Structure formats: structure tokens, C-alpha cells
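Reading the structure
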Amino acid sequence: MEVKPLRVGFIGAGAIHFGKPMVPWDHASRLENVGGFEVIGIVDPDQKRATNVLEERLSSPGKRQFYQNCQLLSNSDELLNMKPDVVFIGIPPAFRGSHKKEHDLELRFVEAGIHVFVEKPLSVVPPEEFIPYAEAVTKAVQKHNVILSVGYMFRYHAAVQKMKELIQLHGGNVMAFNARYYFAYTEGINKYWFNEDFSGGPIVEQATHFCDLARYIVGDIDMASVRCIMVKDTDEGDAGHLSHVPNHAEEDIPPAKRIPRVTISHWKFQNGGVGTLMHSVALPGTRYEANIDVQLDGLKLSLIEPYEKHCTLRVRNITSADPNEHQDFTFEDDDSYLREIETFIHAVRERDQSNIKSSYDDAAKTYQMTWAIRRAGDKN
């Protein structure tokens, strides 16, 4: 039986949806690998950028078929009126995720019965403002029986799934979770990222992936237990000074609004274990460094460089022949972005939310966690 092509719209013509060098996102290319769709509209106020994206797609023999009926649109209402089956939302979080006028994209599309894939973070507004919005979105998802997936792609990574499997086999009682996320900032960074009010800051916007993995791998945290210290540009001494910010991106940002340079946080999980996170903005170039350690009684799991094409899960287990040695599981070219898109499209076709690993209401809990860390750091 021939499958009817899904009518797809993109909100945002930037790198999240259409890629660029040194950026791992590119939802359109992953969707093209899945097939079975046609793009009916691309929304972006920057019509030149949208035109370039569309012309590039139409000039490619392997991609042209998906874009032949695509229209370039200047606002989301135009796309909403076209009644697509699916919409991908990939614009900065300052322009979505709240009841503010024209920032309620997710809610408007879900209430119209349209399936939604939205990138993280979900918003930049404080949790008190965001949670009522998240509750409204969740109720609308249930009422209209639509699929909504949030772009926490690491939940789909084969190494993370292996970690969860090994933890479960070992009894599941995690003692400690330790995440380290070191950001390379000296080349090709968007200016908006350096303004905490616009991006949400490095924990809300970036380390949210590792906060989400803490919850996904171990479980929910005790919000009241969150503690944090930060190094900021406004601190006494020179420790928080960044000498290599590209394109003078911070010059017109008030020092108090500049992102923290180092964030170190710790908390208790509801299961009694402890978690820690260190994020820094210090590395040169474009290559991040990221690792996670998880410890149970008699088991240590180290997820090494999950952003890289060559990813390793290092396991030291009391059940091994030699508990002093470790075993490496390697994952070559594991495309968790593709897997989350495949899962989303399959869920849309089956009208089955059960395989979606990051629903909006669950992602809202991660959002609250990131804000708890940000606020704990602001107090010190």
C-alpha cells in the first residue's frame, strides 16, 4: 500500500533545520533520509536566508522532490493556515514556549491537530511563567491526539541505551552521576548565545542535554537540594574574563547579562543518589569536550565524548573476570538525531506517542531543573 506523503512545515531556516559546517543539527537532511513527505512551507523573517535554503534544496537531484511545492512564508500563521500534518520548530527559545503573543507556537499548532517536533530548550521564561504554558500544551496534546517530541537526541543514542540496560541489569540503584561539559567558544558562535536573557544561559540552553540525561538515566531530582556556584564576568579578579569572543559578540551586552563562564552544581536524586555537573566556557576552537560518569555499587560507566562520531562507553564491573580492568563498547557514527526523527515520523504515522522518549511534559521537568541550577548560581 502506498503511504501518503506527510505535508511538512519548517519554522526556522537556520542551522537547526538545514545545517551548516561544524553544527550537528540538520533535521531536514535526516527527514530526507526517512522520506515519505513533502515540504509545503518554510517560515523565516529572513527571506534571503530562506530563499538560499530552498534554492539549494531544489538544485540537488536527491532533495528536489521534497521541496517542489514549497512556499516561503514570513510568519507562522501563514503556515498554520496551510494545515500541514507536521511542523518542525527550530527557532531561538526566546521566540517560543510561552503564552506571550506569537510565542505560543507549540500550543497553536497542537490545538489545530498538527504534530510538532520542537527543539530544546523549551523556552527562556522563568518556570512560574512556563509551567502553566507547558500544562496547556500537554492537555492539548492529549485532547487532539497529536504527537509532540522534544529534541533531546541523546535519549536515542545507542550508548545511552546501553547504559540504561547495564544499570537495570545491575539493580538500578545509582549512587552518583557526574557530568562534564566543556564548551569551545572562540570560533563561529551565534551572538545571541552570549546574552543570558536571550539564550537562557549555558545551563538552560546547552547543558540542558546533560541535565536531561541525569533525569533519564537516574531519575528525577530533589529540586530543593540543588546547589551551585558560578564564575561570572562581573566577579572580582580576572578569572571570568574571556579574551577571544569572536566578532566582538559581547561588547554591547551589559556585564550582568553575559553568560557565566563556569558553572558547578550538585543535587540529590529522589532515589537518594547524588549528581554533579560542571559546565565551562573556556576551550579554543570548535570541539567541545563532554563526558558522563555513573557509579553504582560495583559498577562504573563512563560515557566518553557522545558528541563525537567515535563514542565510547567504558565499563568497569564487579562481575567481570578482572574487576580492575575495564571493557569498552564503541559506537561508530551513531546518529541519534536521525533516530529521533525516524521515531517521531513513525509515531506520527501510527498516532502512537509511546515510543517518543522526550514528551513535552517530561522535558518541562528538565527545564525546571536547569532553572533551579541557574537560580542557585545567581544567589552566590
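Bear in mind the structure is a predicted one, so any value in this text is a computation, not a measurement.

**Description of the UniProt feature "domain: Gfo/Idh/MocA-like oxidoreductase N-terminal" (unreviewed entry) in the protein**
The sites that carry the UniProt feature "domain: Gfo/Idh/MocA-like oxidoreductase N-terminal" (unreviewed entry) are, in the present numbering, residues 6-152. Here residues 6-152 is 37% helix and 18% strand, with 23 Å between the C-alpha atoms at its ends.

**Details of the sheet that holds strand β1 (residues 6-11)**
Ordered in space as β3-β2-β1-β4-β5-β6, the six strands form an open sheet in which the pairing is parallel. Each edge of the open sheet is held by one strand with a lone partner, namely β3 (71-73) and β6 (148-150). For this sheet the average axis-to-axis angle between neighbouring strands, irrespective of direction, equals 20°. When strand β4 (residues 86-89) meets strand β5 (residues 115-118), the two strands line up parallel, connected through four bridges. Paired with Val87 across the strands is Val116, a residue of β5.

**Re empty space enclosed by the protein**
Taken as a whole and judged by the stated rule, the model has one cavity of 30 Å³ or more. Counted as a void, the largest cavity has a volume near 40 Å³. If you go around the largest cavity, the residues you meet are Glu196, Gly200, Gly201, Pro202, Ile203, Val204, Met230, Pro260, Thr263 and Arg374. Among the elements that take part in the lining of the largest cavity, helix α9 (residues 202-205) stands out by supplying three residues, more than any other. Of the residues belonging to the lining of the largest cavity, the class tally is five nonpolar, three polar and two charged.

**Here we look at the UniProt feature "domain: Oxidoreductase putative C-terminal" (unreviewed entry) in the protein**
In this structure's numbering, the residues bearing the UniProt feature "domain: Oxidoreductase putative C-terminal" (unreviewed entry) are residues 155-298. Helix makes up 21% of residues 155-298 and strand 28%, whereas the separation of the span's terminal C-alpha atoms amounts to 24 Å.

**Some words on helix α6 (residues 127-144)**
End to end, α6 covers 25 Å across 18 residues, agreeing with the expected 26 Å (1.5 Å per residue, within 8%). Every buried residue belonging to α6 is among Pro127, Phe130, Ile131, Tyr133, Ala134, Val137, Thr138, Ala140 and Val141, and all of these are buried. The secondary structure elements touched by the buried residues of α6 are α5 (105-111), β6 and α12 (360-378). Asn145 occupies a position one or two residues after α6 and carries a positive phi of about 50°.

**Observations regarding the environment of Lys100**
Position of Lys100 relative to the elements: it lies in the loop between β4 and α5. Residue class for Lys100 comes out partly exposed when judged on its relative accessible area of 43%. Sequence separation between Lys100 and Val125 is 25 residues, and the spatial gap between their C-alpha atoms is 10.0 Å. Those residues within four positions of Lys100 in sequence are excluded, and the remaining contacts are Val125 and Glu129.

So, how was this worked out
- Residues numbered from 1 in each chain as written.
- Predicted model: local features only at pLDDT ≥ 70, side-chain atom pairs only at ≥ 80, totals over all residues.
- Heavy atoms only, no water.
- UniProt positions renumbered as here; feature names shortened; annotations may be inferred.
- Helix = DSSP H or I, 4+ residues; strand = E, 2+ residues; numbered from the N terminus.
- Pairing = 2+ DSSP bridges.
- Axes fitted to C-alpha atoms, helices over the stretch in contact; angles between N-to-C directions.
- 1 Å grid on protein atoms, 1.4 Å probe; cavity = no way out; pocket = protein on both sides within 12 Å on 5 of 7 lines; lining within 4 Å.
- Points joined across faces, edges and corners; volume = space filled by probe spheres on them.
- Nonpolar A, V, L, I, M, F, W, Y, C, P; charged D, E, K, R; others polar.
- Expected span 1.5 Å × (residues − 1).
- Buried < 20%, exposed > 50% of the residue type's maximum accessible area, 1.4 Å probe, protein only.
- Contact = heavy atoms within 4.5 Å.

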